[in-house]
Amino acid sequence: MADRRSNLLKTLPPQHFVGLAAEVAALEQAGAEIIRLGQGTPDLPTPAPICEALEAALLDPTTHQYGPFRGQDRLKRAVATFYLNEYGVEVDAASEVAILIGSKSGLITLPQCVLEPGDGILLPNPGYPDYISGARLAGAHVHDLVLTEANDFLPDYHTLDTHGARLMYLNYPSNPTGAVASPAFFEETVRFAKERDLMVVHDFAYGSIGFDGHVPPSFLQAGGAKDVGIEVYTMSKAFNMSGWRVAFAVGNKDIIEAINTYQDHVHVSVFSAIQEAAVAALESPKSLRDDLARLYEARRDRLVNGLRQAGWDVPAPKGSFFVWAKVPEGDAKSFSQKLLHEAGVAVTPGYFFGTEGDRYVRFGLVSPEPKIDEAVARIEQLFAAYEEVRT
Ligand SMILES: Cc1ncc(COP(=O)(O)O)c(C=O)c1O
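Calculation criteria
- Residues numbered from 1 in each chain as written.
- Predicted model: local features only at pLDDT ≥ 70, side-chain atom pairs only at ≥ 80, totals over all residues.
- Helix = DSSP H or I, 4+ residues; strand = E, 2+ residues; numbered from the N terminus.
- Rg over C-alpha atoms; globule rule 2.2 N^0.38 Å.
- Buried ≥ 20, exposed ≤ 12 C-beta atoms within 10 Å, placed from the backbone.
- Contact = placed C-beta atoms within 7 Å.
- Near = placed C-beta within 6 Å.
- Nonpolar A, V, L, I, M, F, W, Y, C, P; charged D, E, K, R; others polar.
- Axes fitted to C-alpha atoms, helices over the stretch in contact; angles between N-to-C directions.
- Parallel < 35°, antiparallel > 145°, perpendicular 65-115°, else oblique.
- Left-handed = near helix turned anticlockwise from the far one by under 90°.
- Domains from an automatic or database assignment.
- Core = buried A, V, L, I, M, F, W, Y, C linked by C-beta atoms within 7 Å.
- Pairing = 2+ DSSP bridges.
- Expected span 1.5 Å × (residues − 1).
- Arc of directions from axis to C-beta.

Draft legend 1. Main features of the overall build of the chain. Across its full length, the chain carries 14 helices and 12 strands. Radius of gyration (C-alpha) of the chain: 21 Å, near the 21 Å computed for a compact globule of 391 residues. Dimensions of the chain along its principal axes, counting C-alpha atoms only, are 70 × 55 × 50 Å. Within the span of the chain, comprising 391 residues, buried residues form 48% of the whole. Long-range pairs, those at least 24 residues apart, make up 75% of the contacts in the chain between residues at least 6 apart in sequence.

Draft legend 2. How the structure looks around the site of the ligand. Around the ligand sit 14 residues, and of these G102, S103, K104, T234 and S236 come closest. Broken down by element, the shell around the ligand gets its largest block of residues, 3 residues, from helix α5 (residues 103-114). Partitioned by chemical class, the residues of the shell around the ligand number 4 nonpolar, 8 polar and 2 charged.

Draft legend 3. Local environment of the packing of helix α4 (residues 73-87) against helix α11 (residues 272-282). Two elements in contact, α4 and α11, have axes whose closest approach is 9 Å; the angle formed by their N-to-C orientations is 20 degrees. If you check the angle between α4 and α11, you find them roughly parallel. Like other packed secondary-structure pairs, α4 and α11 cross with a definite hand, here left-handed. Seen from α4, the contacting residues are R74, L75, A78, V79 and F82; seen from α11, they are Q275, A278, V279 and L282. Each residue belonging to the contact of α4 with α11 can be placed in one class, and the counts come to 7 nonpolar, 1 polar and 1 charged.

Draft legend 4. Geometry of the domain arrangement of the chain. The domain boundaries assigned to the chain delineate domain 1 (7-45 + 287-390) and domain 2 (48-284). Placing the centre of domain 1 and that of domain 2 at their C-alpha centroids yields a distance of 26 Å. Tallying the contact residues gives 32 residues for domain 1 and 31 residues for domain 2. Class assignment of the residues belonging to the side of domain 1 that touches domain 2 gives a composition of 16 nonpolar, 10 polar and 6 charged.

Draft legend 5. Focus on the nonpolar core. In terms of nonpolar packing, the biggest core is built from 117 residues, with V79, F248, V250 and V345 touching the most fellow members. The residue makeup of this core includes at least three contributed by each of domain 1 (7-45 + 287-390) and domain 2 (48-284). In this structure V250 touches V79, Y83, V91, E96, V97, L220, I230, E231 and Y233, once residues within four positions along its chain are discounted.

Draft legend 6. Representation of the sheet that holds strand β9 (residues 322-326) within the structure. Sheet architecture is open: 3 strands sit in the order β9-β12-β11, paired in antiparallel fashion. Each edge of the open sheet is held by one strand with a lone partner, namely β9 and β11 (348-349). Here β11 pairs with strand β12 (residues 360-364) via 2 bridges, running antiparallel. In the strand pairing of β12, T348 is matched with R362. The strands touched by helix α13 (residues 332-343) are β11 and β12; relative to β12, the strand with the most contacts, the crossing angle is about 40 degrees.

Draft legend 7. Region of the structure containing the pairing of strand β7 (residues 229-234). Taken across its 6 residues, β7 has 6 buried, putting it largely inside the fold. Strand direction decides the pairing type here: strand β6 (residues 199-203) and β7, joined by 4 bridges, are parallel. Following the sheet pairing, V200 is matched in β7 by G229. Note: β7 against strand β8 (residues 247-251), 5 bridges, orientation antiparallel. Note that in β8 the partner of I230 across the bridge is G251.

Draft legend 8. Layout of the sheet that holds β7. Strand order in the open sheet made by the 7 strands is β2-β8-β7-β6-β5-β3-β4, with mixed pairing throughout. Where the open sheet ends on each side, the last strands, each with one partner, are β2 (97-100) and β4 (141-146). Neighbour-to-neighbour, the strand axes of this sheet turn through a mean angle of 25 degrees, independent of strand direction. Across the face of the sheet, helix α6 (residues 130-137) comes into contact with β3 (120-125), β4 and β5 (165-170) while running at roughly 170 degrees to β3. Its contacts with the sheet put helix α10 (residues 253-266) on β2, β6, β7 and β8, and the angle it makes with β2 is roughly 40 degrees.

Draft legend 9. Spatial organisation of the environment of A179. The residue A179 is located in the loop between β5 and α7 (183-196) in this model. For A179, a count of 24 C-beta atoms within 10 Å translates into the label buried. Sequence separation of A179 and P49 is 130 residues, and the distance between their C-alpha atoms is 32 Å.

Draft legend 10. Examining α10 more closely. The end-to-end C-alpha separation of α10 is 20 Å, in line with the 20 Å expected for 14 residues at 1.5 Å each. When α10 is considered as a whole, its buried residues turn out to be I255, I256, I259, N260 and Q263. Seen from one end, α10 has its buried residues packed into an arc of 135 degrees, which puts them on one side. Facing away from the buried side of α10 by more than 90 degrees, the exposed set consists of D254, T261, D264 and H265.

Draft legend 11. Fine view of the pairing of β12. The buried count for β12 comes to 5 of 5 residues, which makes it a mostly enclosed element. The two faces of β12 match: Y360, R362 and G364 on one face and V361 and F363 on the other face are all buried. The pairing of β9 with β12 spans 5 bridges and is antiparallel. For W324, the partnering residue across the bridge sits in β12 and is R362.

In structure tokens, the structure reads:
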């Protein structure tokens, strides 16, 4: 078979998750019962009122036609109202909102919209791996935004070399680390971005999921944030809508215009009935999102307390639905393989998220509590078996 992929496509990094899913599926086919804590897909269904809004919109034949290239005005207005109610941030629906076909596609195409080949882009390491794909498709150079436990997985702007970089991605609450940012950090980010002439993209995918009373702040709450950047908000996590493929970007109008120009040529926006459902989601009571955050918090407590009792001192994240745990021995690859093959627990090895993840694994909190309990019990047994061999 001929390799028809362009040289550009050949620069894309490996999609590690595809390999992991195949490995887990092969073990299951061979009869193993694997507890899947590796993936990051919300496990619960979309709330009924949102599904009902889709149903009603689907029966309206006007949604069957091409919609506006840049998305429905009604959805953009709902986004503006959501940002005002949720974060006290004023957003102009006409010029400061872009509707995205899922945030992944927005985040990955964005570098092409605002960078020239050869420009630098600062990407979190560890961070969401697909950001790198976006950089490669734009011919941009990836500069590591190194995030260490010692600095609470926040970048250290005092030592950060931004030479050649024009764009910086941030993501709090963070995938994979579960770290959160404070309003003061975002204020510092705006100052830093202005000083270094950087555009900022804040990926707010887990914005609705804070624990222990932490309410994740929006980057746009920082004074002057709209001068330097945008925030990308997905419906996938806050509303359990990962399959619906709908998200939006808000903020700096020049960046929004660049995204929309690209979209004018490549998409005719999200299916209008889904946009109607997204309006219903954004207008739904905040308690829906808060209840979901409490559910993840209970799962976090279950996992963290269980692992600590098993002798693995993992940190309790303040947000996202991930637990980022330093491996007790070896490296991420060997330890995650041991968990998979010897305990039947699938976790994500940290190197999927960059070199800084080499000594970590990521647990997803997207399985019900009994599954989490069973995973903990299996890990405890594995540790006990190794302890016995050692003594
Ligand atoms: C940090 C982060 N950003 C973006 C996405 C993409 O979300 P979606 O494409 O469903 O909007 C994910 C999905 O897991 C994520 O973890």
